[in-house]
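Below, each chain spelled out in residue letters.
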Amino acid sequence: MLTPFGAFYVPATILIGGGARREVVAQLQRFLIQRVLLVTDVGMMQLGPAREIAALLEDAGISATIFDSVQPDPTDKNVADGLAMYRSEGCQALVAVGGGSPIDAAKAISVLTANSPPLSQYAGYHKIPRAGAPLIAIPTTAGTGSEATKVSVITDTERDVKMMILSVHLLPTIALVDYELTLTMPPALTAAVGVDTLTHGIEAYVSRKAHGMTDPLALSCIELVAKHLRTVYREPNNHEARAGMMLAACQGGMAFANSSVCLVHGMSRPIGAVFHVPHGLSNAVLLPTVTQFSWRASVERYAKVARLLGCCPFHTPDARAAESLVEGLQQLNTDLNVPRLRDCRGVEEARFRVLLSKMAADALASGSPQNNPRVPTAEEIVALYETAW
Ligand SMILES: NC(=O)c1ccc[n+]([C@@H]2O[C@H](COP(=O)([O-])OP(=O)(O)OC[C@H]3O[C@@H](n4cnc5c(N)ncnc54)[C@H](O)[C@@H]3O)[C@@H](O)[C@H]2O)c1
Ligand SMILES: [Fe+2]
């Protein structure tokens, strides 16, 4: 069903460009904040960005307690541990430094400072009653766009489900979007998170909930990915391409969070929850198959995406253009060395087959497939998983 009106929520402040991370002190001082919990992961501590931000804060007299136990695909346990530290240290705000995982964990910690646990009661749409502690998000991947979204994805460890939680109270207060932090991403990570960004742009644009505020952002996101993703994969130190992908990621986040992701994300989360395939990679392996299933239900829109991605000559008629997208996305996966699902580390065939109907049910339960141009049944989702295998 189409919503009667479009809604558009984004962070109140977004500073974007090289060096934006160094504004963290001035932004916290605006809110008279003196004690923060810095939410990050071990990788960001070892590589340096988290330590750099902590040093900036300490030099300015702002106490920063570091919580670096967030794992990729963060869990409810990570959130509980971070919340305990936030409370015991008397923190007033959160600063997240990392990819989608630390940012999503920090969002969940923030809302649990003002709303009672368990977090699982807030899974789904608009179920969080109160705003939590202020959060500054500093992304290091390009990426999930989580710095600009009202979404947090947290694994419920009891049910092995990646909960999709969407609420305006999950929006970071401030996003500092600094492409310089992405220069250290190795090629495989660059490719996976880059296809995540592309999937956000495409799904935001074809979603049944797309509207006039999200369309331009989604299209710009796709265009930027077309221009920069292959370059940044080959040339990790190309600043122009890194900046382009960072902008694409932020725009993709703003677009999808206000229109919705669709079937690719719906099917991708169960793969992440069960087999721990990185989020971008599980999207990438599904994207061509799901596009093949969906394009006839929104020919004009898929055609536009195909043209922007250069999958066909510009004047190709809509139906042929839309169809060319499937091959174009397969080619992109090949160029980025994205493996097939069966070749992803950790995905074991027997377990995959046994879990097909649970994964299809979990995909539908998330609500995302219902925003796809063509809404699948559980049986069709099972068939799509089998095709993508
Ligand atoms: N909230 C949202 O709107 C949203 C949208 C899409 C995905 N997600 C979620 O985000 C998570 C994935 O986030 P992600 O893809 O950004 O990865 P991530 O945060 O899980 O990080 C993956 C790995 O990359 C490392 N890394 C991060 N930045 C790096 C850098 N600059 N250089 C080198 N290594 C770096 C991390 O240390 C980690 O080991 C998933 O849980 C996914 O479901 C959230
Ligand atoms: Fe995503």
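The next thing to look at is the overall build of the protein. Helix and strand content of the protein: 15 helices and nine strands. For the protein, the C-alpha radius of gyration of 20 Å lies close to 21 Å, the compact-globule estimate for 389 residues. Referenced to the eigenvectors of the C-alpha coordinate spread, the extents of the protein come out at roughly 60 × 45 × 45 Å. When each of the 389 residues of the protein is scored for burial, the buried share is 56%.

On to the site of ligand 1. The full set close to ligand 1 counts 31 residues, and Gly-43, Gly-99, Gly-100, Ser-101 and Thr-144 are the nearest of them. Contributing elements (two or more residues each) for the shell around ligand 1: helix H2 (42-47), helix H5 (100-112), strand E7 (151-156), helix H6 (187-206) and helix H10 (279-294). Classifying every residue of the shell around ligand 1 gives nine nonpolar, 18 polar and four charged.

The end-to-end C-alpha distance of helix H12 (residues 318-335) is 25 Å, a good match for the 26 Å that 18 residues give at a rise of 1.5 Å each. Of all bends in H12, the biggest is about 25°, found at Leu-325. Where H12 is concerned, the buried positions are Ala-321, Ala-322, Glu-323, Ser-324, Leu-325, Val-326, Leu-329 and Leu-332. Where H12 is buried, its residues meet H10 and helix H11 (299-308). Residue Asn-337 follows H12 closely and has a positive phi angle near 55°.

The biggest cluster of nonpolar side chains holds 129 residues, and the ones touching the most others in it are Val-36, Leu-38 and Leu-94. Formed jointly, this core draws a minimum of three residues from each of two domains, domain 1 (13-182) and domain 2 (187-388). Not counting residues up to four positions away in its chain, the partners in contact with Leu-38 are Ala-50, Ile-53, Ala-54, Ala-64, Thr-65, Ile-66, Phe-67, Val-95 and Val-97.

Another aspect to go through is the pairing of strand E4 (residues 93-98). The buried count for E4 comes to six of six residues, which makes it a mostly enclosed element. Of the two faces of E4, the one lined by Ala-93, Val-95 and Val-97 and the one lined by Leu-94, Ala-96 and Gly-98 are each fully buried. Judged from the four bridges that link them, strand E2 (residues 35-39) and E4 form a sheet pairing that is parallel. Counted as the bridge partner of Val-39 is Ala-96 from E4. As defined by bridge partners, E4 adjoins strand E6 (residues 135-139) across five bridges and the pair is classed as parallel. Residue pairing for E6: Leu-94 is matched across the bridge by Leu-135.

With that settled, the discussion passes to the environment of Gln-121. If you trace the backbone, Gln-121 turns up in the loop between H5 and strand E5 (124-125). Considering only alpha carbons, one finds Gln-121 and Ile-165, 44 residues apart in sequence, at a separation of 9.5 Å.

Moving on, we get to the environment of Leu-355. Within the secondary structure layout, Leu-355 lies in the loop between helix H13 (349-354) and helix H14 (356-365). Once the C-alpha coordinates of Leu-355 and Val-261 are considered, the two residues, 94 residues apart in sequence, prove to be 23 Å apart.

It is worth spelling out the domain arrangement of the protein at this point. For the protein, the assigned domains are domain 1 (13-182) and domain 2 (187-388). Summarising the inter-unit geometry, the C-alpha centres of domain 1 and domain 2 are found 25 Å apart. If you look at the interface, domain 1 gives 27 residues, while domain 2 gives 28 residues. When residues of the side of domain 1 that touches domain 2 are traced back to their parent elements, those giving at least two are strand E1 (13-16), E5, E7 and strand E8 (161-166).

Before going further, it helps to examine the sheet that holds E1. Taking strand neighbours across the sheet as the criterion, the six strands line up as E1-E9-E6-E4-E2-E3 in an open arrangement whose pairing is parallel. Of all the strands in the sheet, just E1 and strand E3 (63-67) have a single pairing partner and so form its edges. Shown here is a sheet whose adjacent strand axes are inclined to one another by a mean of 15°, direction ignored. Both E1 and strand E9 (residues 174-177) contribute to a ladder of four bridges, which runs parallel. Looking at the pairing, Ile-14 lines up with Ala-175 of E9. Running over the sheet, helix H3 (residues 49-59) touches E2, E3, E4 and E6 and is turned about 160° from E3. Its contacts with the sheet put H5 on E2, E4 and E6, and the angle it makes with E4 is roughly 165°.

It is the contact of H6 with H11, at a shortest axis distance of 9 Å, that shows an interaxial angle of 150°. When the interaxial angle is binned, H6 and H11 end up roughly antiparallel. The crossing of H6 and H11 is right-handed. Note on element contacts: H11 touches H6 through Arg-301, Tyr-302 and Val-305, opposite Ile-202, Tyr-205 and Val-206. Taken together, the residues of the contact of H6 with H11 sort by class into five nonpolar, no polar and one charged.

Turning to helix H15 (residues 378-388), its buried residues are Ile-381, Leu-384 and Tyr-385. Summarising the axial view, the buried residues of H15 lie within an arc of 100°, below the 170-degree limit, and thus occupy one face. Of the surrounding elements, those touching the buried residues of H15 are helix H9 (263-275), H10 and H14.

Procedures and definitions
All chains use their own residue numbering, which begins from 1 and follows the written sequence. Key to labels: chains lettered from A, ligands numbered from 1, both in the order written. The predicted nature of this model means local features are confined to residues of pLDDT at least 70 and side-chain atom pairs, given and counted, to a pLDDT of 80 or more, with totals for whole chains, interfaces and linings taken over all residues. The numbering of helices and of strands both runs from the N terminus, where a helix is a DSSP run of H or I of at least 4 residues and a strand a run of E of at least 2. Both definitions apply: the radius of gyration is a C-alpha atom measure, and the globule rule equals 2.2 Å times residues to the power 0.38. Three exposure classes are used, all based on how many other C-beta atoms lie within 10 Å of a residue's own C-beta (placed from the backbone): buried at 20 or more, exposed at 12 or fewer, and partly exposed between those limits. We count a residue as near a molecule or strand when its backbone-placed C-beta atom lies within 6 Å of that partner. When residue character is reported, Ala, Val, Leu, Ile, Met, Phe, Trp, Tyr, Cys and Pro are called nonpolar, Asp, Glu, Lys and Arg charged, and the others, Gly included, polar. Each residue after the first adds 1.5 Å to the expected span of a helix. Values of bend correspond, residue by residue, to the angle between axes fitted over the seven residues ending at that residue and the seven starting there. Note on contacts: each residue gets a C-beta atom placed from the backbone, and two residues are in contact if those atoms are within 7 Å. As used here, a nonpolar core is made of buried Ala, Val, Leu, Ile, Met, Phe, Trp, Tyr and Cys residues. They are joined through C-beta atoms within 7 Å. All domain edges in this entry derive from an automatic or database-based domain assignment. The pairing criterion is simple: DSSP has to find at least two bridges between the two strands. For helices, the fitted line uses only the C-alpha atoms of the stretch in contact; every axis is such a line through C-alpha atoms, and the angle between N-to-C directions lies from 0 to 180 degrees. Roughly parallel refers to an angle under 35 degrees, roughly antiparallel to one over 145, roughly perpendicular to one between 65 and 115, and oblique to any angle outside these ranges. In this scheme the crossing of two helices becomes right-handed for a clockwise turn of the near helix relative to the far one and left-handed for an anticlockwise turn of less than a right angle. It is the directions from the helix axis to the C-beta atoms that the arc portrays.

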